[in-house]
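Residue-level structure breakdown
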Amino acid sequence: MGFYVRELERMVRFYKEVLCFFETDRGDLGPVQLVFLSRDPSEHHQIVLATGRPADLSFSVINQISLRVPDLATLREVHRRVAAEPDVTELISATHGNAVSIYFRDPEGNRLEVFMDMPWYCEQPLREPIDLDQSDEAVMAAAEALARSRPRFRSRAQWQAEMEQLMGYQA
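Just so we're clear, the structure is a prediction, and the values are computed from it rather than from any experiment.

Some thoughts on the sheet that holds strand β1 (residues 2–5)
One open sheet accounts for four strands, arranged β1-β4-β3-β2; its pairing is mixed. Looking at strand neighbours, the two that pair on one side only are β1 and β2 (22–29), the edges of this open sheet. Across this sheet, the average inter-strand angle for adjacent strands is 20 degrees, counted without regard to direction. When β1 meets strand β4 (residues 47–51), the two strands line up parallel, connected through four bridges. Within β4, the position partnered with G2 by the bridge is V48.

Let's talk about the pattern of salt bridges
Scanning the model with the defined rule gives 18 salt bridges in all. In this structure, the salt-bridge partner of R154 is E162, at a minimum N-O distance of 2.8 Å. Exposure remark for E162: the relative accessible area of 29% places this residue in the partly exposed category. Connected through shared salt-bridge partners, E7, R10, R13, E17, E85 and D87 make up one network.

Remarks on the nonpolar core
Core analysis: the biggest nonpolar cluster contains 39 residues, and F3, Y15, L19, L49, V100 and F104 have the highest contact counts within it. Sort the elements by how many residues they give to this core and helix α1 (residues 8–18) lands first, with six residues. In terms of domain composition, this core takes at least three residues from each of domain 1 (1–53) and domain 2 (63–170). In this structure, V100 is in contact with L72, L75, A94, T95, V114, F115, M116, M118, I130, L132, V139 and A143, ignoring residues within four places of it in sequence.

Observations regarding unusual backbone geometry
The amide bond that connects Q124 to the next residue, P125, takes the cis arrangement and shows omega of 10 degrees. Examined against the element boundaries, P125 turns out to sit in the loop between β9 (120–121) and β10 (128–129). Even without being glycine, C20 reaches a positive phi, approximately 65 degrees. Secondary-structure assignment places C20 in the loop between α1 and β2. Here C20 falls in the partly exposed class, since its relative accessible area comes to 33%. A positive phi angle, close to 60 degrees, is found at E90, a residue other than glycine. Looking at the secondary structure, you find E90 in strand β6 (residues 89–95).

Side note on the packing of aromatic side chains
Scanning all chains against the criterion turns up five aromatic pairs. Three or more aromatic residues joined by ring pairs form one cluster here, namely F3, F14, Y15, F21 and F104. Stacked on the ring of F21, the Lys or Arg R39 has its end atom at 5.1 Å from the ring centre. One residue, R127, lies across the ring of Y103, its end atom 5.4 Å from the ring centre.

Overview of the pairing of β4
Burial analysis of β4 places five of its five residues in the buried class, which makes it a mostly covered element. Residues I47, L49 and T51 point to one face of β4 and V48 and A50 to the other, with burial holding for every one of them. Pairing of strand β3 (residues 32–38) with β4, which is carried by four bridges, proceeds in the antiparallel orientation. Bridging across to β4, V35 finds its partner in L49.

What counts and what doesn't
Residues numbered from 1 in each chain as written. Predicted model: local features only at pLDDT ≥ 70, side-chain atom pairs only at ≥ 80, totals over all residues. Heavy atoms only, no water. Pairing = 2+ DSSP bridges. Helix = DSSP H or I, 4+ residues; strand = E, 2+ residues; numbered from the N terminus. Axes fitted to C-alpha atoms, helices over the stretch in contact; angles between N-to-C directions. Salt bridge = Lys/Arg side-chain N within 4 Å of Asp/Glu carboxyl O. Buried < 20%, exposed > 50% of the residue type's maximum accessible area, 1.4 Å probe, protein only. Core = buried A, V, L, I, M, F, W, Y, C linked by side-chain atoms within 4.5 Å. Domains from an automatic or database assignment. Contact = heavy atoms within 4.5 Å. Phe/Tyr/Trp six-rings, centres within 6.5 Å; stacked < 30°, edge-to-face > 60°. Lys NZ or Arg CZ within 6 Å of the ring centre and 35° of its normal.

Spelled out as structure tokens, the structure:
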């Protein structure tokens, strides 16, 4: 994903220091300055920040940028770093039944979701507040209870197999 920013260095600092991205490249393409960022050594970039966002643009056309983490410990660590960042607004924690997430706005108002998948599926959209200060067991139990309350609840593996069939995926 690439998006325009107003203050390139401020945004680079945020994505590197708070969200732990690494700068993989930087340069100019005509009048546009680009910074390439990744958290995966096999991906040259997962996010590109580009200069040129108009100063008078009050609405972000990005609904959200979603970033997956592997576990609750990582999600809590991101939450801790984000909560300590003065340029972050609208920090909330939620469960969707099939995931546990935090949402917040970066220094230029773009909404981000950092999430951890759950081992089950339930239909979306669905969002309920969740307290990440609870134990792992309590967080997992709350997410599972919400997912199980939905009529199309099933394992993530079963849902994935259905999606592979629907999409004609050949392993």
